Amino acid sequence: MAYSPLVVPGSADKSAATTKSKLSNTVVSSNAPTPEAGQSSNGAGNDLAEQMNEDEKQKYIKGKKLGEGTYANVYLGHLRDSPSTLVAIKKIKVQKEYTEGMAPDAIRELKHLQELSHPNIISLLSVFSSKDQNLNLVLEFLPLGDLEMLIKDVDGVRYGAADIKAWMGMLTRAIWFCHENFVLHRDIKPNNLLIAADGEVKLADFGLARSFSDPYRVMTSNVITRWYRPPELLFGAKHYSGAVDIWSVGLVFAELVIRTPYMAGDTEVHQVNLICQAIGTPNEDNWPGVSKLPEYTVPEPPNPIRGRDHYLGTFGTAGPEGVDLLMKTLILDPRKRITAREMLEHKWWSSDPKPTRKEELPKKSGGEAKLGEDLKRRPGILDDERSARVARKLDFGGMK
Amino acid sequence: MTSTGPLNEDDRYRTSTQYRLWSFTPQSLHTFRTTTNQLAAERVREAVRRAREARSADDASGTDSRSASAVPEGEVDCLTVEEELKLIAFYCRQTLQLGDHLKVPTEVKATAIQYIKRFYITNSVMTYYPPDILKTALFFATKTENHYFRLTKFAEAMSKTKPEDILASEFLLTQGLRFTFDVRHPFRALEGAVMEMNAMASGEIDGPALKGMGRKVMMAHGKAREYLKTSALLTDVYFHYTPSQIMIASLMIADRELIQLYISTKIPSDHPSSPDLQAKILETLEQCAEMLKTVEPSADPAPAEKKEISALGKKLKKCRNPDMIDLVGLQRAKREGEEGLDEKVVKKRKLEREQSAKEGEDLFGPSLKK
Ligand SMILES: Nc1ncnc2c1ncn2[C@@H]1O[C@H](COP(=O)(O)OP(=O)(O)OP(=O)(O)O)[C@@H](O)[C@H]1O
């Protein structure tokens, strides 16, 4: 039977309900309607749902602003009863231009984060609204920045193949879990991979996510930040699968190794050109059906698919197994591209070097990072030529 | 694709909000609904008392007493839990019709109805008028199920409905849903089971018990789908059973013999506890099927039932919470904070609200534009 741990009012066993649920408002509901709620003097005032919301809001204290995204501001916060328990409060901005009610990004983020519970996916601890009916998402606080910061800080942060393997392992498990639950993330990129105090990488920002249970439903191809967007979306495919996320994962992998975005196109056309140069030109031979996609156009002359040697030359520090995995994530034809489950079964994970333990992973410089430790680490994977390339691209990071 | 069979509920289902927040024992569900009903009734009586006081004050000072026109005379006769449930069921059917009218996919209608049913666990129809809530729920479901519908187009398809009417209760709805929007339906599970049974029937995969039963499978599929599209939505089965249980129960109603054979292929007969296990599974499915059968898919409500609903609608009109009639006004006030407004605006809006309150009393709610 599908009886949930929801507790009947009166026989309330709060602790049982809390441990079963990551949503703290379960506790509120199990307390059921409080008499006070009914005695509210103003009919428009506190009804039950509002009372529950108020209780939830009261649990947190909002502090300084941590950052700003396109559709939300993020604040530091803490539990009222336990000031040392920090949280991030993501307050969804009211979008004046959007006149159709609750914005789609907020709906998607809520819908999916409420369901997904995994160590490598940011946890949603609670949701409440402030008095102006702004939505506030209480998220776990992830103080150590994101992967983009680490990649870009070439002088301050050195890391090696074992570290990359650890980060990639966490990213791959996150995306595997999404796909197992029929969720596409559709915006994987280094700055959506946040880092917890213990070094754990967490996939965040589900504002573009959607379920993909029905293979016949049409979906928009206008998703995923351009540099990480797979060829099928650039060609306007309306039916696609988890393979779109895998391509992005592959590009995060490539970027971790070379410490600069691998294919940083300025426009969609440019992005297609870069793919044709770096991977090879998609055609009916390597990808049956591709020429039927609505926006299929490729530059002349076509390039053959790059061979293993090319990848070994550019990404050799990842080792031959790493290169093999990378190549499989960047297969042009989405049907032939490796899946998240197959990625997890790849032999790279068990080949040397072993992934670094998360507590020992390099951290962003300044703040908590200990310079001495960084210096003791084996030299990073950069050579002069690559750092020069990074330097030219440094200010690309702020792209939205 | 899935590693666990349809009888072996996916562990993952247990992490879903549908299981964690929206599954109940029949007793606990009843307790919630009773509390909600009693609370709402108290508030209605209280609000009516206040409105009457205000009216007699107005009468005494000889001012315009229109504000209390919606307040009935005499003791307020509030709805019981059972009466509320009948009305909710009626409005859920209306939601199906509205969805058909707007040609939205089954998932959108199904999700909207679960939103309505979830919302009314902690909210009473006396407080929030179902004809308002159902439009909002259907519109919101188009968003959560990725079937975007322009708000203006959506409103235009219904009579006497402005876009702001639909948005006025959106936030209220999401709050009542406790900001959980994902609903797990049994439709996909049905397609999976049917595919498997077909493969067994044709001998493609092992399952000799079903060999040659392709036609039976096809018939059962059609009938089960009807149950899932109506009975499963209009009863409480989503609150008590998993999507797979609902799916199998609907197949069982369609063709008991076939489904028992199918179930037997899922439980290895050499398993020591096989008979016990099978009996236990069957018992649960039986209960689920009984609940499904309380609402037949095709049958229109009987004349007696229609009469009863109409009477309940009249009763509801007399016990609606007068403070909660104008949701558009309340919503606007909440967004802006009433203080900032000058008196003229407040007065004008009050008049508008009274007007809309009168118009909004059509029991049959959003009549459809043909
Ligand atoms: N859980 C968190 N813990 C700590 N800081 C966070 C957390 N979530 C977000 N931040 C900070 O707030 C900033 C804004 O985050 P948000 O997710 O809204 O937007 P973004 O990802 O930067 O941009 P976009 O909205 O375009 O995707 C981030 O850059 C980060 O610095």
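Residues numbered from 1 in each chain as written. Chains lettered and ligands numbered in written order. Predicted model: local features only at pLDDT ≥ 70, side-chain atom pairs only at ≥ 80, totals over all residues. Heavy atoms only, no water.

Per an unreviewed UniProt entry, chain B goes by the name RNA polymerase II holoenzyme cyclin-like subunit and belongs to Cudoniella acicularis.

Keep this limit in mind: UniProt positions are given in the numbering used here, feature names are shortened, and annotations may be inferred rather than shown by experiment.
Looking up chain A in an unreviewed UniProt entry gives the name Protein kinase domain-containing protein, with the organism given as Cudoniella acicularis. Here chain A is described in UniProt, under the heading Sequence similarities (unreviewed entry), as follows: "Belongs to the protein kinase superfamily. CMGC Ser/Thr protein kinase family. CDC2/CDKX subfamily."

1. Description of the UniProt feature "domain: Cyclin N-terminal" (unreviewed entry) in chain B
Let me state the cut-off plainly: For the purposes of this entry, the term helix denotes a DSSP run of H or I that reaches at least four residues, the term strand denotes a run of E that reaches at least two, and both are numbered from the N terminus.
As annotated by UniProt and renumbered to match this structure, "domain: Cyclin N-terminal" (unreviewed entry) occupies residues 97-180 of chain B. Counted over residues 97-180 of chain B, helix gives 68% and strand 0%. Its end C-alpha atoms are 25 Å apart.

2. Comments concerning the pattern of salt bridges
We apply this condition: Salt bridges are defined as contacts in which a side-chain nitrogen from Lys or Arg sits within 4 Å of a carboxyl oxygen from Asp or Glu.
In the structure shown here, the tally under the stated rule is 39 salt bridges over all chains. Close ionic contact of Glu180 of chain A with Arg12 of chain B constitutes a salt bridge, the shortest N to O distance being 3.3 Å. You can see Glu180 of chain A sitting in helix 7 (residues 161-180) and its partner Arg12 of chain B sitting in the segment before helix 1 (17-20), one on each of two chains. When the shortest N-O distance is used, the salt bridge between Arg49 of chain B and Glu46 of chain B registers 2.9 Å. One end of the pair, Arg49 of chain B, and the other, Glu46 of chain B, are both in helix 2 (residues 26-61), 3 residues apart, so they sit about a helical turn from each other.

3. Brief notes about the confidence of the model for chain B
Residues and elements named next belong to chain B. Going by this rule: Per-residue confidence from the prediction method is given by pLDDT, with values spanning 0 to 100. Here, two residues are considered to be in contact whenever any of their heavy atoms come within 4.5 Å of each other.
Confidence in the prediction for chain B averages 83 pLDDT; 82% of positions are at 70 or higher. Put simply, helix 18 (residues 343-359) is where chain B has its lowest mean pLDDT, 52, and helix 12 (residues 237-240) is where it has its highest, 97. Counted against residues more than four places away or in other chains, residues 1-8, with its pLDDT under 50, gives 10 contacts.

4. Concerning the UniProt feature "binding site: ATP" (unreviewed entry) in chain A
Residues and elements named next belong to chain A. Mapped onto the present numbering, the UniProt feature "binding site: ATP" (unreviewed entry) falls on Leu66, Gly67, Glu68, Gly69, Thr70, Tyr71, Ala72, Asn73, Val74, Lys90 and Lys91. The greatest C-alpha distance among the annotated residues, which extend across 26 residues, is 14.2 Å, indicating that they converge on a single site. Structurally, the position occupied by Thr70 is in the loop between strand 1 (60-68) and strand 2 (72-79). Tracing the sequence through the fold places Lys91 in strand 3 (residues 82-92). With residues up to four places along the chain from it excluded, the contact list for Lys91 reads Lys62, Tyr71, Ala72, Asn73, Tyr75, Ser130, Asp132, Asn134, Leu135 and Asn136.

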